[in-house]
Structure formats: structure tokens, C-alpha cells
Amino acid sequence: MFKFSKTHGKVITLAFALAMLVCSMLALTASAHEEDDGIMPLLTCGCSNPSVDIYRTYHTDSFYDGCRVGLREYCTNCHWHYEYEAAGYGSMCHPYSTLQQWPTKWDKYL
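Residues numbered from 1 in each chain as written. Predicted model: local features only at pLDDT ≥ 70, side-chain atom pairs only at ≥ 80, totals over all residues. Heavy atoms only, no water.

Colleague: I'd like to hear about the overall build of the protein, residue by residue, with values.
Modeller: A tally of helices and strands in the protein yields 2 helices and 3 strands. Taken from the N to the C terminus, the helices and strands of the protein come in the order α-β-β-β-α. When burial is assessed residue by residue, the protein has 20% of its 110 residues classed as buried. Long-range contacts, defined here as pairs at least 24 residues apart, represent 48% of the contacts in the protein between residues at least 6 apart. Approximately 8600 Å² of the protein is accessible, and the part contributed by carbon and sulfur atoms is 61%. (Helix = DSSP H or I, 4+ residues; strand = E, 2+ residues; numbered from the N terminus. Buried < 20%, exposed > 50% of the residue type's maximum accessible area, 1.4 Å probe, protein only. Contact = heavy atoms within 4.5 Å. Areas by Shrake-Rupley, 256 points an atom, 1.4 Å probe, with all protein chains shown as cover.)

In C-alpha cells form, the structure reads like this:
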């Protein structure tokens with residue numbers, strides 16, 4: 001049987017620690033790329049060729065209530081729409097507040 005000395009144990013421990021560090025760095029990089037995909041619609045419309053986009057209808061940001069953004073998913077092909085509100089504190093709803101404003105000329109399709 002192979003007998004480990006203190007030096008061998010330290011080398012093996014260091015190798016495992018470095019391997020764990022490298023794997024955790026790769027996992028952080030992979031999770032960071034998942035957020036870069038943008039905001040996806042929650043629901044999809046029932047038309048044959050859906051083209052669903054998300055628009056911002058209002059945006060309020062206060063110290064006590066945090067950030068609140070009204071969102072509208074809208075299909076340009078069949079005029080399907082769904083409205084909801086996103087809320088967060090700090091930078092939690094920053095991606096939503098940077099969405100394109102709902103064009104008021106499209107109100108006739110609602």
C-alpha cells in the first residue's frame with residue numbers, strides 16, 4: 001500500500017483547492033451569461049406566427065415603495081396583450097425600466 005507523507009497530503013489538498021476554485025469561476029461565468037439574454041415574455045399568444053414584445057407602460061421609483069414598472073406584452077400579429085407589474089428595490093427592476101415605452105398610438109388595438 002502507498003503511504004502518504006505530510007508533503008504529499010499538502011500537495012493533494014492544494015490541488016483539490018485549486019480545482020474547486022477553477023470550477024467555481026467557470027460556474028460564475030456561465031451564470032453571468034444567462035442574464036445577458038434579455039427579458040423574455042411570460043406568456044405567448046395563440047396566433048400561428050407570434051411576435052411578442054414587452055413594453056413599459058409606466059415607471060415609478062421612490063425611496064419607500066421601491067421601483068415599480070408597468071409592463072405590457074403585446075403581439076403585433078394578432079394584437080394579443082397581457083399586462084402586469086414588476087416591483088423591486090435598488091437595481092432589481094433596472095432591466096424593466098429600460099424597456100421601450102408603450103406607443104400610445106397602439107391603444108386602439110387594446
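So that's the structure; there's more coming.
Colleague: Please set out the pairing of strand 2 (residues 66-75) residue by residue, giving values where relevant.
Modeller: Buried residues dominate strand 2, accounting for 9 of its 10 residues. Judged from the 10 bridges that link them, strand 1 (residues 52-62) and strand 2 form a sheet pairing that is antiparallel. Counterpart to Tyr-58 in the pairing with strand 2 is Gly-70. In sequence, strand 1 turns back onto strand 2 through a hairpin of 3 residues. (Pairing = 2+ DSSP bridges.)

Colleague: Describe the environment of Asp-65, and please don't skip the residues or the numbers.
Modeller: For Asp-65, the position within the fold is in the loop between strand 1 and strand 2. Expressed as a C-alpha distance, the spacing of Asp-65 and Gly-88, which sit 23 residues apart in the sequence, is 8.6 Å.

Colleague: Break down the nonpolar core for me, with residues and values.
Modeller: Counting 8 residues, the largest nonpolar core consists of Ile-54, Cys-67, Val-69, Leu-71, Tyr-84, Ala-86, Cys-93 and Leu-99. Listing elements by their share of this core, those giving two or more residues are strand 2 and strand 3 (81-88). A per-element tally of this core places strand 2 first, with 3 residues. (Core = buried A, V, L, I, M, F, W, Y, C linked by side-chain atoms within 4.5 Å.)

Colleague: Can you tell me about the state of the cysteines, naming the residues and giving the values?
Modeller: Scanning the model with the defined rule gives 0 disulfides in all. Here Cys-78 is not disulfide-linked; the sulfur of Cys-47 is the nearest cysteine sulfur, at 3.5 Å. On the basis of relative accessibility, which here comes to 33%, the residue Cys-78 falls in the partly exposed class. (Disulfide = S-S within 2.5 Å.)

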